Amino acid sequence: MEKDDVYKTIGAPSPEILYKDKKSKFFASAFPITSEDEVKPIVEELRKKYHTANHVCYAWQLGEKQRSYRANDDGEPNNSAGMPIYGQIQSFDVTNILVTVTRIFGGTKLGVGGLIQAYRTSAQMALESAEIVERVIQGRLLLRFGYPEMDKVMRAIKQKNLDMVSQKMDMDCELILSVRLSETEQVLQLFDEMQGVNVSII
């Protein structure tokens, strides 16, 4: 089995963990996300929940093959919070994930080294408590064909056990299939060789 079309993420939000250092409290959680738009509402929710918190720091990573990320220190010294959190995301090799660490100051400064250690450890504990799952990267194929071809197309879909994402059945039919990335070429070829069927990757 090819492994280059598999990625790791988390199945559900992690339980919230608490890490303490010199009376400062660090509340950490991991959330599965599919777009950057989901980050702000989660962070704002945490600010409401912990209205005495000084900082809600976080890092996220998105994408299966091409990955994008962001790390946010939220007022902590440069690279003392967001990047240590992001380092743990890399170390657990997970994507489509947001890890937040909310800090309530305990009155004693930790120094930059202490902060890096605290944010890194909190993020690590949140990821350790999360359920990490493997997912398969899917490609999508668009099929266009006339009504007479319907039978052979449907037979091939059933034989190959392919997932249909959407279908439009008129005089001309359009189907969108979800196909495991490593099998895309093979399935593409199968439909490409069918008379009267137009297939393309989307």
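Going by the structure above, here's the rest.
Residues numbered from 1 in each chain as written. Predicted model: local features only at pLDDT ≥ 70, side-chain atom pairs only at ≥ 80, totals over all residues. Heavy atoms only, no water.

Caption draft 1: Layout of the pattern of salt bridges. For the structure shown, the criterion picks out 11 salt bridges. Ionic pairing is found between Asp5 and Arg180, a salt bridge with its closest N-O pair at 2.7 Å. Placement of Asp5 in the segment before strand E1 (6–10) and of Arg180 in strand E10 (residues 172–180) is noted, with a sequence separation of 175 residues between them. Taken individually, Asp5 and Arg180 each receive the classification buried, so the pair is uniform in this respect. (Salt bridge = Lys/Arg side-chain N within 4 Å of Asp/Glu carboxyl O. Helix = DSSP H or I, 4+ residues; strand = E, 2+ residues; numbered from the N terminus. Buried < 20%, exposed > 50% of the residue type's maximum accessible area, 1.4 Å probe, protein only.)

Caption draft 2: A look at the sheet that holds strand E2 (residues 17–21). As summarised here, the arrangement of the 5 strands in space is E2-E3-E6-E4-E5, forming an open sheet in which the pairing is antiparallel. Of all the strands in the sheet, the pair left with one neighbour each is E2 and strand E5 (68–72). Neighbour-to-neighbour, the strand axes of the sheet open up by a mean angle of 15 degrees, direction not taken into account. Here strand E3 (residues 24–32) pairs with strand E6 (residues 97–104) via 8 bridges, running antiparallel. Within E6, the position partnered with Ala28 by the bridge is Val101. In the packing of helix H1 (residues 39–49) onto the sheet, contacts are made with E3, strand E4 (55–62) and E6, and the angle to E4 comes to roughly 160 degrees. (Pairing = 2+ DSSP bridges. Axes fitted to C-alpha atoms, helices over the stretch in contact; angles between N-to-C directions. Contact = heavy atoms within 4.5 Å.)

Caption draft 3: Here's a closer look at helix H4 (residues 150–160). Within H4, burial applies to Met150, Val153, Ala156 and Ile157. Projection of H4 onto a plane perpendicular to its axis shows the buried side chains occupying an angular sector of 135 degrees, all on one side. Relative to its buried face, H4 has exposed residues pointing more than 90 degrees away, namely Asp151, Lys158 and Gln159. Lining the buried residues of H4 we find strand E8 (138–146), strand E9 (163–169), E10, helix H5 (184–192) and strand E11 (197–201). Taken from the residues just after H4, Asn161 is the one with a positive phi, measuring 55 degrees. (Arc of directions from axis to C-beta.)

Caption draft 4: Fine view of the packing of helix H2 (residues 82–91) against helix H3 (residues 111–129). Contact geometry of H2 with H3 gives a least axis separation of 8 Å together with a crossing angle of 35 degrees. Crossing handedness for the pair H2 and H3: right-handed. On the side of H2, the interface is formed by Pro84, Ile85, Gln88 and Ile89, while H3 contributes Ile116, Tyr119, Arg120, Ala123, Gln124 and Leu127. (Left-handed = near helix turned anticlockwise from the far one by under 90°.)

Caption draft 5: Expanded view of the packing of aromatic side chains. Enumeration according to the criterion identifies 4 aromatic pairs in this entry. On the basis of an interplanar angle of 85 degrees and a centroid distance of 5.1 Å, the ring pair of Phe26 and Tyr119 is categorised as edge-to-face. Of this pair, Phe26 sits in strand E3 while Tyr119 is found in helix H3, placing the two residues 93 residues apart along the sequence. For the pair shown, Phe26 and Tyr119 are each scored as buried. Relative to Tyr86, the ring of Tyr69 has its centre 4.0 Å away and its plane inclined at 10 degrees; by these criteria the two rings are stacked. A residue pair is termed long-range when its members are at least 10 positions apart, and Tyr69 in strand E5 and Tyr86 in helix H2 qualify at 17 residues. An aromatic cluster is present here, built from Tyr19, Phe26 and Tyr119 joined pairwise through their rings. (Phe/Tyr/Trp six-rings, centres within 6.5 Å; stacked < 30°, edge-to-face > 60°.)

Any functional reading would require information that these geometric values do not contain.
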